[in-house]
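A closer look at the structure
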Amino acid sequence: VQLQASGGGLVQAGGSLRLSCAASGTISSSNVMSWYRQAPGTQRELVAAISRDSSTKYADSLEGRFTISRDLRDNVKNTVYLQMNSLKPEDTAVYYCNYWHDGTTYWGQGTQVTVSS
């Protein structure tokens, strides 16, 4: 499985960004795709996850500012998005896309999100 993430960048506090992650290769019918982030000097942490049936899970600290979704159209159904609103400087990190199925995990290359104050 290959993961291609995009959409990071520099934004002012209070702004929005949308990250995308496209999975390709041998995709299972029961995978979970997630976004993690890692700021300098910290451990990588889960931001949000979504299953194939669109059940979601979020980090408690997000306070409802982020939304994870999947594209359900057949030709792009292995694409997940992370809509990030009301961004704060503490959201600055490298964001990584993750694909999990049956104990096997794949990581994307990471995309930098920088929120200026």
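Note: the structure precedes this text.
These remarks concern the structure in this document. (Residues numbered from 1 in each chain as written. Predicted model: local features only at pLDDT ≥ 70, side-chain atom pairs only at ≥ 80, totals over all residues. Heavy atoms only, no water.)

Looking at the pattern of salt bridges
Going by this rule: Any carboxyl oxygen of Asp or Glu that lies within 4 Å of a side-chain nitrogen of Lys or Arg is treated as forming a salt bridge with it. Comment: elements are numbered from the N terminus, with helices defined as DSSP H or I runs of at least four residues and strands as E runs of at least two.
Applying the stated criterion to the full structure yields 4 salt bridges. Among the salt bridges present, the one from glutamate 63 reaches lysine 88, with a minimum N-O distance of 3.1 Å. Here the residue glutamate 63 occupies a position in the loop between strand 6 (56–58) and strand 7 (66–70), and lysine 88 occupies one in the loop between strand 8 (79–84) and strand 9 (93–101), the gap between them amounting to 25 residues. What you see here is one network of salt bridges that share partners, running through Arg37, Glu45, Arg65 and Asp91.

Examining the side chain of aspartate 71
Our working definition: Burial status follows relative accessibility: with a 1.4 Å probe on protein chains alone, a residue under 20% of its type maximum counts as buried, one over 50% as exposed, and anything between as partly exposed. Whenever two N or O atoms come within 3.5 Å, that pair is a polar contact, provided that in protein one can donate a hydrogen and the other can accept it, and provided that, for residues adjacent in sequence, both atoms are side-chain atoms.
Its location among the elements puts aspartate 71 in the loop between strand 7 and strand 8. Since its relative accessible area comes to 9%, aspartate 71 is described here as buried. Reaching out from aspartate 71, the side chain makes a polar contact with the side chain of tyrosine 81 at a distance of 3.1 Å.

A word on the sheet that holds strand 3 (residues 17–24)
The line we're drawing: Two strands are counted as paired when DSSP detects at least two bridges linking them. For helices, the fitted axis covers only the stretch in contact; all axes are lines through C-alpha atoms, and the angles between them, taken along N-to-C directions, range from 0 to 180 degrees.
Within the open sheet, the 4 strands sit side by side as 1-3-8-7. Their pairing is antiparallel. Looking at the sheet topology across the chains shown, the edges are occupied by strand 1 (2–6) and strand 7. Neighbour-to-neighbour, the strand axes of the sheet open up by a mean angle of 15°, direction not taken into account. Looking at chain direction, strand 7 and strand 8 are connected through 5 bridges and run antiparallel. If you follow phenylalanine 66 over to strand 8, its bridge partner there is methionine 84.

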